Amino acid sequence: MTEARKFQAIKGVRDILPPESSLWNRVEQVAREVMATFDFHEIRLPVFEETELFARSVGTSTDIVGKEMYTFSDADESSISLRPEATASVVRAYIEHGMQTLPGDVKLYYMGPMFRRERPQKGRYRQFYQIGAEVLTPAPKDVPDNFSRDAGIDADVIEMVLVFIERCGLVGHALYINSIGCRNCRPKYVELLRAELTKLKDKLGPDSQRRIETNPLRVLDSKVESEQAVIEALPRIGDHLCEACREHFKMLQAMLFMRQIAYEVNWRLVRGLDYYMRTTFEITAPGLGAQNAICGGGRYDGLVELLGGPPTKGIGFALGTDRLILALQEAGKGEAARPLDAYVAWMGASTYAVAVRVARTLRDAGFSVEMPHEEMKFKKSLGLAARLGARFAVILGDNEVAAGTCTVKRMADGTQQTIPERDLAGHLRA
Ligand code: AMP
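Each value, and the rule that gives it
- Residue numbering note: each chain is counted from 1, following its sequence as written.
- Thresholds applied to this predicted model are a pLDDT of at least 70 for local features of residues and 80 or more for the giving and counting of side-chain atom pairs; totals over whole chains, interfaces and linings are not thresholded and use all residues.
- Values shown for side chains rest on all heavy atoms present in the structure; no hydrogens or waters enter the calculation.
- Helix and strand definitions follow DSSP, with helices as H or I runs of at least four residues and strands as E runs of at least two, each counted in order from the N terminus.
- We call two N or O atoms a polar contact when they sit within 3.5 Å, provided that within protein one can donate a hydrogen and the other can accept it, with sequence-adjacent residues counted only if both atoms are side-chain atoms.
- Here a residue-residue contact requires only that any non-hydrogen atoms of the pair lie within 4.5 Å.
- Residues form patches when they are more than 30% accessible in relative terms and have no salt bridge. Like charges link within 9 Å. Nonpolar side chains (Val, Leu, Ile, Met, Phe, Trp, Tyr) link within 5 Å.
- Areas reported as accessible are Shrake-Rupley estimates using a 1.4 Å probe. Residue values count occlusion only from the protein chains shown.
- We define a salt bridge as a side-chain nitrogen of Lys or Arg found within 4 Å of a carboxyl oxygen belonging to Asp or Glu.
- The classification of residues rests on relative accessible area computed with a 1.4 Å probe and restricted to protein chains. Under 20% of the type maximum is buried, over 50% is exposed, and intermediate values are partly exposed.
- At least two bridges found by DSSP between two strands are what make those strands a pair.
- Every angle, taken between N-to-C directions, lies between 0 and 180 degrees, and every axis is a line fitted to C-alpha atoms, over only the stretch in contact when it is a helix.
- In this description, a nonpolar core means a group of buried Ala, Val, Leu, Ile, Met, Phe, Trp, Tyr and Cys residues linked to one another through side-chain atoms lying within 4.5 Å.
- Boundaries of every domain are those given by an automatic assignment or by a domain database.

S.K.: Would you mind showing me how to read the side chain of T279 here?
M.R.: Within the element layout of this structure, T279 appears in strand β9 (residues 277–284). At 2.6 Å, the side chain of T279 and the side chain of D154 are in polar contact. Every residue in contact with T279, bar those within four places of it in the chain, is listed here: D154, N178, H248, L252, G297, G298, R299 and I315.

Here it is in C-alpha cells:
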C-alpha cells in the first residue's frame with residue numbers, strides 16, 4: 001500500500017473558502033449586472049493558448065512574457081501557455097469568429113483566473129482572478145481618427161468600472177490617467193528617455209538598469225525609493241505627444257469631466273504591456289499596501305491588426321478581483337456567512353419521512369434548509385441549529401406528525417408556534 005501523504009496548495013495559489021466565496025459571488029454578480037446595463041456581453045475564453053499569441057501581443061520584452069508565464073510543450077511539441085491576461089484571447093477570438101461584421105462596437109466582458117509566476121505576497125498571487133472588458137471598433141484605413149468618439153468610448157469604459165466598484169461598496173479609490181502616445185510619437189520619446197536614463201545609469205538599481213535596454217518606459221513604474229528623485233526629473237511623455245495624441249488626451253479629459261468623474265493625470269503611468277497606446281488608466285484602492293492597483297486599462301488600436309485581423313480600435317481594462325475583494329474586506333464590507341433559514345429537528349422513527357418532505361417543500365420555496373440524517377434528541381438538534389445560525393427550527397415529533405402540524409421555533413427569541421404543515425413556507429416567509 002502507498003504511504004499516506006498530506007498535500008498543500010502550491011506556493012502562490014490559494015483556496016477561496018466560505019464565507020469569503022459569498023463575497024466573490026456577490027462581486028461577480030454585480031459585475032454582470034453593471035456590464036449588462038452598458039450593453040456588454042460575456043465571452044468565455046480558454047485558459048490556455050499558443051505561447052506565440054502572448055509573445056506577439058503582450059510583448060517578449062515584458063516581465064509577463066519574459067519570465068512569468070507557465071509554458072509547457074503539448075504532446076505535439078507545440079508551445080502552450082496558461083493565460084497571463086485575457087485581452088490577447090479576446091482579440092484572437094474577435095478575429096477567429098469574424099466579429100468585425102457585427103453591428104456597432106463589439107463590447108465583451110470576461111471573468112476568470114490568470115496565471116503569472118510572480119513573487120507571491122499579499123494581493124499578488126500566481127493564480128489570480130480578473131474581471132475585464134474590451135470594446136472593439138472597426139477602423140477602416142481611409143477614415144480619419146475621430147478623437148471625440150474614441151475618447152467617449154474610453155470614458156464610458158472608465159465610467160463602467162467606477163460604477164461597478166462603487167456598487168460593490170468600495171470607497172476612497174482613485175483614478176489615474178495618462179497618454180502614452182502612439183506609433184508616431186512614442187518611439188521618439190522612448191529614445192529620449194533611454195538616452196537620459198543611460199546618462200543617469202549609476203543612480204539606478206539593477207532592475208531599472210536592465211530596463212534601460214529592454215523597456216525604458218517601465219523604469220517610470222519603479223517603486224525603489226532611491227530612484228524617485230531621478231525619475232521625477234526625467235522628460236515627461238505629455239511634453240512629447242504628437243498632435244493627434246494630444247487631441248485625444250484633451251478629449252478624454254473633457255469626456256471624463258462631462259461624466260463628473262474625478263481623476264488625476266499621472267505621467268508615470270505606463271502599464272507593463274506592449275500593446276497599449278494613447279489612453280492608459282489605473283484605479284487604486286486604500287488598505288492594500290504596495291499592491292494597491294485594483295484595475296488597469298488602456299487603448300490598444302493596432303493590436304487586432306498585429307494579430308492578423310482587420311484595422312480595428314480597442315480599449316479595455318482588467319480588474320484584479322482578489323484585490324477588490326481584499327479592499328472590500330479591509331473596509332469592513334466582507335460578506336457574512338449566508339444565513340441558514342431553517343433547521344428541521346425531528347425525533348421518532350416514522351418522523352424522518354415527514355422531515356424529508358418538509359425540507360423539500362421549504363427548499364422548493366427557496367429557503368435554505370438543513371436537517372440531521374440520524375435520530376437526535378431535540379436538545380442536541382436545537383443546539384446544533386443554534387450553532388449553525390438557523391433563523392428557525394422546525395420541530396417534528398410524533399405528536400406533530402399525528403396532527404399534520406410542525407412546531408416552529410424562532411431562534412432569535414425562542415418563541416414557538418404550532419403551524420399546519422401546509423402553511424409552513426408561508427409562515428416562514430411572513
Ligand atoms: P495587468 O493585467 O497587469 O494590467 O493587471 C490588471 C490588474 O490585475 C491589476 O491592477 C491587479 O489588480 C490585478 N493583478 C495583476 N497581477 C496580479 C497578481 N499576480 N495577483 C493579483 N492580482 C493581480
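S.K.: Help me understand a nonpolar patch on the surface in this model?
M.R.: On the surface, V47, F48 and F72 cluster together into a nonpolar patch covering about 250 Å² of accessible area. Residue placement: V47 occurs in the loop between β1 (41–42) and β2 (48–50). Taking relative accessible area as the criterion, V47 reaches 31% and is therefore assigned partly exposed.

S.K.: Even after reading the chapter, I still don't get the sheet that holds strand β15 (residues 405–410), so can you show me in this structure?
M.R.: Sheet strands pair by backbone hydrogen bonding; their relative direction is either parallel or antiparallel. A sheet is described by the order of its strands in space; here five strands give the open sequence β13-β12-β14-β15-β16, paired in mixed fashion. In this open sheet, the two edge strands, each paired with only one partner strand, are β13 (369–370) and β16 (416–420). The strands touched by helix α13 (residues 378–387) within the sheet are β12 (340–346), β14 (390–396) and β15, with β12 carrying the most contacts at an inclination of about 170 degrees.

S.K.: What's the story with the pairing of strand β7 (residues 174–179) in this structure? I'm lost.
M.R.: Looking down a regular strand, the side chains alternate between one sheet face and the other. Here β7 runs beside β9; their pairing, made up of six bridges, is antiparallel. Each bridged residue has a counterpart across the sheet, and for A174 the counterpart in β9 is T284.

S.K.: Would you mind going over the pairing of strand β10 (residues 293–299) with me for this structure?
M.R.: Burial analysis of β10 places six of its seven residues in the buried class, which makes it a mostly covered element. Across five bridges, β10 lies against strand β11 (residues 312–320) in antiparallel orientation. Bridged to R299 within β11 is I315.

S.K.: Is there a simple way to explain the side chain of N178 in this structure?
M.R.: On the secondary structure map, N178 appears in strand β7. Judged by relative accessible area, which is 2%, N178 ranks as buried. Setting aside chain neighbours within four positions, we find N178 in contact with I237, F249, N266, W267, R268, L269, R278, T279 and T280.

S.K.: Please clarify how the nonpolar core should be interpreted in this entry.
M.R.: Here is a general trend for soluble globular proteins: nonpolar side chains tend to be buried in one another's company. Membership of the largest hydrophobic core comes to 102 residues, with the highest contact counts inside it found for F164, F317 and L324. The biggest single contributor to this core is helix α5 (residues 147–168), with twelve residues. Viewed by domain, this core spans two of them, domain 1 (20–185 + 241–330) and domain 2 (193–236), each represented by three or more residues. Formed by 20 residues, the second largest nonpolar core is a distinct cluster that contains W346, V394, I419 and L428.

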